[in-house]
Amino acid sequence: MSAAQPLKNFRILDLSRIWAGPYCTKLLADMGAEVIKMESMRVYDSHRGPVAPAPGIAAYPDSDPGEEAWNRNGWFNCLHMSKYGITLELTEEKGRRVFEELVSISDVVVENFRQGSLTRLGYDYETLRQIRPDLIYASMPAFGNSGPWQNYVAYGIGQEQLSGMAHMTGYVNDGPMKSGINHGDPITGSHAAGVLLAALRYRRRTGKGMFVDVSQQESAVALIGGEVVAYQISAEEPQRMGNHSPWFAPQNAYPCKGEDRWVTIGVTNDDQWRGLAEALGQPELAQDPRFATNRDRLQHRRELDALLGAWVSEKDMWEVTSLLQSKGVPAGPVLRGPDLLENPHYTDRGTFNYVDHPRVGPKWYQGFAWRMSKTPGQVHWPSPTLGQHNRQIYRELLGIAAEEIDDLEAGGVIGTKPTGSRII
């Protein structure tokens, strides 16, 4: 590991699963933290998928689960690069003793189980801090660790609905629509990573650990702060508008030449509108009383959509983008998966990393969302197969003898194959 990694001296014991928690620890691993991903063989991370999934699921390379499907799922493999992978059963007494040893040498423990799950196993924060007094414990249940909903279960789709976000997304005179991804998960992961850095800074100053309560639901609510404030001022709820903007026009996605090809155009001031009119070859539109000001354009947005839709429909999306950007008009194509991987801008910036996974082979994975000149992020190795680093971690970090590790494996306390049939 490069000496320039900013978090290289911190160890994270990662009990989290699915997306929110693993995304948090992925960000920390990207910056060099030693992240130990701990799973149960009976109830392993859901993103590994079922033991024997049906063929044709896109999450697997070429939609083929192949052998060891639990090690081939793209969802899991994009979130756990640069992490160590171990298995351990906390329902076994020997497993509990090993877990407590791991806690004793870890700076941070992260979990996003249903509220109270770890407590029911006998490991609440107060218990764990007896093992490691300066431990930072991040708990990320759906609704936090207090309140009347604390025992409820939720996934990303519920977060969008309960946060109010889905009430705003969708089309006029139609019902709520989920965003396409479950925004609550990665936003919560980002929040948790940020607050853990603050907690580590606090510990460096005071020598004290802390309990960090991260509500996935409240992370989602934080995304719509502007709408909440606006409602208090006007008592008006946001209306579903599809791709339109309540403040500017034209703003929409328009179908281009080709199958399912689209370009987005967003005009936010009069200069951009004049540039768009020139690109259309109709500069006189800039003085048309229907479109002269933003207020006028908002009132006549349907006419603008028809005008732009007709102009764009016979053009390539990149042609439209290039022309409009040359006129200072914000515009961009709607990219699909292959477009992302082939895009010269992303290639130049190294947005994607080519990583060779032992059960999947070489594939492109998303890289880092920021660039730090002195301490750049780095992918150190592919996501771990189930229990891949058992012997390395238990022998090198805990000093457990090889014979004892053999006994743990023979007794089903650790292992490299599932003992349960996880479903998605």
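What you see is a predicted model; the values in this text were computed from it and never measured.

Our next topic: the pattern of salt bridges. Where charged atoms of side chains with opposite charge meet at close range, the side chains can pair. Overall, the coordinates contain 19 salt bridges when judged by the stated rule. The partner of E34 in a salt bridge is R11, with the nearest N and O atoms 2.3 Å apart. A residue pair is termed long-range when its members are at least 10 positions apart, and E34 in strand β2 (residues 34–39) and R11 in strand β1 (residues 11–14) qualify at 23 residues. Take E34: its relative accessible area is 19%, and that puts it in the buried class. Judged by its relative accessible area of 19%, R11 is buried. Linking D107 and R132 is a salt bridge whose minimum nitrogen-to-oxygen distance equals 3.3 Å. Separated by 25 residues along the polypeptide, D107 in the loop between α3 (93–104) and β4 (108–111) and R132 in the loop between α5 (125–131) and β5 (136–139) bring together distant segments of the chain. Both residues of the pair, D107 and R132, belong to the buried class. One continuous salt-bridge network, built from bridges that share partners, spans D107, R132, D134 and R203.

Let us now look at the packing of helix α17 (residues 390–397) against helix α18 (residues 402–410). Where α17 contacts α18, the two axes come as close as 10 Å, and the packing angle between them is 135 degrees. Between α17 and α18, the angle is such that the two are oblique. Viewed along their axes, α17 and α18 form a crossing whose handedness is right-handed. Contacts from R391, Y394 and R395 of α17 reach α18 at A402, I405, D406 and E409. Here the residues of the contact of α17 with α18 sort into 3 nonpolar, no polar and 4 charged.

Looking now at the pairing of strand β11 (residues 361–366). Of the strand pairs in this sheet, strand β10 (residues 352–357) and β11 are connected by 6 bridges, and their pairing is antiparallel. Bridge assignment links D356 to a residue of β11, and that residue is P362. Counting the residues in the hairpin turn of β10 and β11 gives 3 residues.

We now examine helix α8 (residues 184–206). For α8, which comprises 23 residues, the first-to-last C-alpha distance of 32 Å matches the rise-based estimate of 33 Å (1.5 Å per residue) to within 8%. Within α8, burial applies to G184, D185, P186, T188, G189, A192, A193, L196, A199, L200 and R203.

Turning to the pairing of β1, a few remarks are in order. The side chains of a regular strand alternate, residue by residue, between the two faces of the sheet. The two faces of β1 match: R11 and L13 on one face and I12 and D14 on the other face are all buried. Here β1 runs beside β2; their pairing, made up of 4 bridges, is parallel. By the bridge assignment for β2, L13 is matched with I36. For the crossover that starts at β1, traverses helix α1 (residues 20–30) and ends in the parallel β2, the hand is right-handed.

What follows covers the sheet that holds β5. The strands making up a sheet are joined through hydrogen bonds of the backbone, oriented either antiparallel or parallel. Spatially, β3-β2-β1-β4-β5-β6 is the arrangement adopted by the 6 strands of the open sheet, whose pairing is parallel. Either end of the sheet is taken by a strand with one partner, and the two such strands are β3 (83–87) and β6 (210–213). Averaged over all neighbouring strand pairs, the angle between strand axes comes to 20 degrees, with direction disregarded. As paired elements, β1 and β4 share 3 bridges and run parallel to each other. Counterpart to D14 in the pairing with β4 is V110. Packing against the sheet, α3 makes contact with β1, β2, β3 and β4, and its axis sits at approximately 145 degrees to β1.

Moving on to the sheet that holds strand β7 (residues 251–255). The sheet built from 3 strands is open, its strands ordered β7-β8-β9 with antiparallel pairing. Where the open sheet ends on each side, the last strands, each with one partner, are β7 and β9 (331–333). With direction set aside, neighbouring strand axes in the sheet form an average angle of 20 degrees. Pairing of β7 with strand β8 (residues 262–266), which is carried by 5 bridges, proceeds in the antiparallel orientation. For P255, the partnering residue across the bridge sits in β8 and is W262. Across the sheet, helix α13 (residues 301–312) touches β7 and β8, and the angle it forms with β7 is around 35 degrees. The sheet strands contacting helix α14 (residues 317–326) are β8 and β9, and the helix crosses β9 at an angle near 160 degrees.

Counted under the stated rule, the structure contains 12 aromatic pairs. The interplanar angle of 50 degrees and the centroid separation of 4.8 Å between the aromatic rings of Y84 and W381 together place this pair among those described as tilted. One end of the pair, Y84, is in strand β3; the other, W381, is in the loop between β11 and α17, and 297 residues separate them in sequence. A relative accessible area of 15% places Y84 in the buried class. Accessibility expressed as a relative area gives 23% for W381, which makes it partly exposed. What links up through ring pairs into an aromatic cluster is the set Y125, Y137 and F211.

Conventions we followed
Residues numbered from 1 in each chain as written. Predicted model: local features only at pLDDT ≥ 70, side-chain atom pairs only at ≥ 80, totals over all residues. Heavy atoms only, no water. Salt bridge = Lys/Arg side-chain N within 4 Å of Asp/Glu carboxyl O. Helix = DSSP H or I, 4+ residues; strand = E, 2+ residues; numbered from the N terminus. Buried < 20%, exposed > 50% of the residue type's maximum accessible area, 1.4 Å probe, protein only. Axes fitted to C-alpha atoms, helices over the stretch in contact; angles between N-to-C directions. Parallel < 35°, antiparallel > 145°, perpendicular 65-115°, else oblique. Left-handed = near helix turned anticlockwise from the far one by under 90°. Contact = heavy atoms within 4.5 Å. Nonpolar A, V, L, I, M, F, W, Y, C, P; charged D, E, K, R; others polar. Pairing = 2+ DSSP bridges. Expected span 1.5 Å × (residues − 1). Right-handed = clockwise from strand over helix to strand, strands pointing away. Phe/Tyr/Trp six-rings, centres within 6.5 Å; stacked < 30°, edge-to-face > 60°.

Such coordinate-based values are descriptive only and should not be taken to indicate function.
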